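Here is how the chains run, residue by residue.
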Amino acid sequence: MDGTSNLDSPPPGASADWTIDQGWETYSPGEHKVWTTLYERQVALLQDRACAPFLRGLEALDLKGDGIPDFARINTELMGLTGWQVVAVPGLVPDAIFFEHLAHRRFPAGRFIRTPDQLDYLQEPDVFHDVFGHVPMLTDPVFADYMAAYGRGGLRALRKGHLDHLARLYWHTVEFGLLRDDKGLRIYGAGIVSSRAESVFCLDAPSPHRLEFDLIRVMRTPYRIDDFQPTYFVIPSLEALLAASLQDFAPVYDVLATLDDIPIGHVVAHDGVLHRGRQTHHGTRPAAQ
Ligand code: HBI
Ligand code: FE
């Protein structure tokens, strides 16, 4: 299934909510091997890069490198910790379906896994991006509440025509967010932890900006879907992220209506600048977004 396939109706074999059976017993040894290769690479790299809740989640769910996890096994543990469960989907699902699942503490995870020649990058979320990248953070009660609140906010945003602003919030937090703890900057974003190169770039490279998280600033900031992020936003804690998501967004949307987007790679006067990047990685390449 490719990312551009028809999102109007569930594909054959999928339920009305786009879920499918994971069919864990049908994965081939080669597919399990891809998971183990990716897992062993990332878990070694992330020990001093990922945030503590992520590393705790990996342990709690026992996502060690012995192949693609059986969602049924993960769910027994995950449901007990935060009431979340992983449901299998064929790939990207329509926004409304996606938010509906999140609002009910169901994380839609692609069941397919990338091929050995796609180890370092693929456009559509596969089971490694979704389960290794997203699911460990769902074992943290505060982040678990944030993701459910995000789902509810997504359903409201769809009705009000603010999906683009909400998608940016997701992208700059759930996918590419950094947090600061007593050891310094740490990663919590799924798009980063599931990428070897970006797990290094986001913390070590002089190129990207690293700015304090601010809800309206984040919602004014487009993102890259085809390259490393030119700017990473840093939250002071998961509690602060949850608090930002629990406020009434109506006044936020009113303010956004009076403000322009902030071009990718720019820093503006009121930014909390933790690191002003040189932007050398992106240079003058046109943004895809
Ligand atoms: N579907 N399976 C899947 N996974 C996603 O991350 C996803 C999606 N559909 C929509 C979507 N993400 C985005 O539009 C939201 O993050 C805003
Ligand atoms: Fe994702």
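Residues numbered from 1 in each chain as written. Chains lettered and ligands numbered in written order. Predicted model: local features only at pLDDT ≥ 70, side-chain atom pairs only at ≥ 80, totals over all residues. Heavy atoms only, no water.

Turning our attention to the packing of aromatic side chains. Per the stated rule, a full pass over the model turns up 16 aromatic pairs. With a centroid separation of 6.5 Å and an interplanar angle of 55°, the aromatic rings of Tyr-146 and Tyr-150 are classed as tilted. One end of the pair is Tyr-146 and the other is Tyr-150, both in helix α6 (residues 141–160) and four residues apart, which spans about a single turn. Across the pair, Tyr-150 and Tyr-146 agree in class, each one buried. Ring centres 4.3 Å apart and planes at 15° place the aromatic pair Trp-171 and Tyr-223 in the stacked group. Taken together, the residues Trp-171 in helix α7 (residues 163–175) and Tyr-223 in the loop between α10 (215–219) and β6 (231–235) connect sequence positions 52 residues apart. The exposure class assigned to Tyr-223 is buried, which follows from its relative accessible area of 13%. (Phe/Tyr/Trp six-rings, centres within 6.5 Å; stacked < 30°, edge-to-face > 60°. Helix = DSSP H or I, 4+ residues; strand = E, 2+ residues; numbered from the N terminus. Buried < 20%, exposed > 50% of the residue type's maximum accessible area, 1.4 Å probe, protein only.)

Take the sheet that holds strand β7 (residues 273–275) next. Here we have five strands laid out as an open sheet, ordered β4-β3-β6-β5-β7, and mixed in their pairing. The open sheet has two free edges, formed respectively by β4 (184–187) and β7, since each of these has just one partner strand. With direction set aside, neighbouring strand axes in the sheet form an average angle of 35°. (Pairing = 2+ DSSP bridges. Axes fitted to C-alpha atoms, helices over the stretch in contact; angles between N-to-C directions.)

Core analysis: the biggest nonpolar cluster contains 83 residues, and Phe-54, Val-131 and Phe-143 have the highest contact counts within it. Top element by residues in this core is α6. It accounts for nine residues. Contacts of Phe-54, omitting those with residues within four sequence positions, involve Leu-46, Phe-132, Gly-133, Pro-136, Met-137 and Val-193. (Core = buried A, V, L, I, M, F, W, Y, C linked by side-chain atoms within 4.5 Å. Contact = heavy atoms within 4.5 Å.)

With five of its five residues buried, β6 lies for the most part within the structure. Of the two faces of β6, the one holding Thr-231, Phe-233 and Ile-235 and the one holding Tyr-232 and Val-234 are both buried throughout. Judged from the two bridges that link them, strand β3 (residues 178–181) and β6 form a sheet pairing that is parallel. Opposite Leu-178, over in β6, you have Val-234 as the bridge partner.

Turning to the coordination of the iron ion (ligand 2), a few remarks are in order. Around the iron ion (ligand 2), the donor atoms from the protein are His-129 (NE2), His-134 (NE2) and Glu-175 (OE), and they sit 1.9 to 2.1 Å away. In primary-sequence terms, the residues that donate to the iron ion (ligand 2) follow H-x4-H-x40-E. One end of the pair, His-129, is in helix α5 (residues 127–134); the other, Glu-175, is in helix α7, and 46 residues separate them in sequence. Glu-175 matches His-129 in its accessibility class, with the two residues each being buried. (Donors = N, O, S within 2.8 Å, 3.2 Å for Na, K, Ca; no water.)

The next subject is the pairing of strand β1 (residues 85–89). Consecutive side chains along a regular strand alternate between the two faces of the sheet. With respect to burial, β1 is a largely interior element, four of its five residues being buried. As paired elements, β1 and strand β2 (residues 106–110) share five bridges and run parallel to each other. Counted as the bridge partner of Val-87 is Pro-108 from β2. Running through helix α4 (residues 95–103), the crossover from β1 to the neighbouring parallel element β2 is right-handed. (Right-handed = clockwise from strand over helix to strand, strands pointing away.)

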